[in-house]
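For reference, the chains in residue letters:
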Amino acid sequence: MKNYFKYNQRLGISLPSFDRDWDTYSHETQYEILLYWEKIRGAIPDRIADLEALINSKQAELNNEADFNRSCQLNSEIAELASIINDLWLWYRTHQEITEKTHM
């Protein structure tokens, strides 16, 4: 199944990566891909929780930071982590209806 997914370094998860239209895959292959995606998708909330903890740590550091340049760097890092979280939630929700079909 890993051939149908590509690891995304920024998000820290594998994402679907197909070389042809979905409908050209056999029903068995589609089912296996969806099951594999469900495993990945199920780990997304844990990944988000880890990133939220990192944001909280950086915010705590920012509260005590007197150096302007370091404060700017921390703000930038926090914004990037928040962007990653947003993208992860999008992947989690966008494919929820597809994943639900595997349970019918």
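What counts and what doesn't
- Residues numbered from 1 in each chain as written.
- Predicted model: local features only at pLDDT ≥ 70, side-chain atom pairs only at ≥ 80, totals over all residues.
- Heavy atoms only, no water.
- Helix = DSSP H or I, 4+ residues; strand = E, 2+ residues; numbered from the N terminus.
- Rg over C-alpha atoms; globule rule 2.2 N^0.38 Å.
- Buried < 20%, exposed > 50% of the residue type's maximum accessible area, 1.4 Å probe, protein only.
- Contact = heavy atoms within 4.5 Å.
- Areas by Shrake-Rupley, 256 points an atom, 1.4 Å probe, with all protein chains shown as cover.
- Lys, Arg positive; Asp, Glu negative; His and termini not counted.
- Charge placed at Lys NZ, Arg CZ, Asp CG, Glu CD.
- Phe/Tyr/Trp six-rings, centres within 6.5 Å; stacked < 30°, edge-to-face > 60°.
- Lys NZ or Arg CZ within 6 Å of the ring centre and 35° of its normal.
- Salt bridge = Lys/Arg side-chain N within 4 Å of Asp/Glu carboxyl O.
- Pairing = 2+ DSSP bridges.

Caption draft 1: Molecular detail of the overall build of the protein. Counting its regular elements, the protein contains three helices and two strands. Its C-alpha atoms give the protein a radius of gyration of 18 Å, more than 25% over the compact-globule value 13 Å for 104 residues. Based on the C-alpha atoms only, the size of the protein along its principal axes is roughly 60 × 25 × 15 Å. The buried share among the 104 residues of the protein stands at 27%. Looking at the protein alone, contacts between residues at least 24 apart form 56% of all its contacts between residues at least 6 apart. With the model as given, the accessible surface of the protein reaches about 7,100 Å², and the carbon-plus-sulfur share is 49%. The averaged location of the 17 negative side-chain charges in the protein is 3 Å from the averaged location of its 11 positive side-chain charges.

Caption draft 2: Structural view of the packing of aromatic side chains. Applying the stated criterion to the full structure yields nine aromatic pairs. Ring geometry for Tyr-4 against Tyr-25: centres 5.3 Å apart, planes inclined by 90°, an arrangement best described as edge-to-face. Of the two residues, Tyr-4 is situated in the segment before strand 1 (5–8) and Tyr-25 in the loop between strand 2 (13–16) and helix 1 (27–63); the sequence distance between them amounts to 21 residues. Note on Tyr-25: relative accessible area 4%, which makes it buried. Counting every residue linked through ring pairs, the aromatic cluster contains Tyr-4, Phe-18, Trp-22 and Tyr-25. Above the plane of the ring of Tyr-92 lies Arg-41, whose end atom (NZ or CZ) is 4.1 Å from the centre.

Caption draft 3: Layout of the pattern of salt bridges. Per the counting criterion, the structure on display carries six salt bridges. Here Arg-70 makes a salt bridge to Glu-61, at a shortest N to O gap of 2.7 Å. Accessibility expressed as a relative area gives 33% for Glu-61, which makes it partly exposed. Between Arg-70 and Glu-77 there is a salt bridge, with the nearest N and O atoms lying 3.9 Å from each other. According to the relative accessible area criterion, Arg-70 is partly exposed, its value standing at 23%. Here the salt bridges share partners, and the residues they tie into one network are Lys-58, Glu-61, Arg-70 and Glu-77.

Caption draft 4: Spatial organisation of the pairing of strand 2. Pairing between strand 1 and strand 2: four bridges, direction antiparallel. Within strand 2, the residue paired with Phe-5 across the bridge is Pro-16. Between strand 1 and strand 2, which pair antiparallel and follow one another directly, the connecting turn spans four residues, one of which, Gly-12, has a positive phi of 80°.

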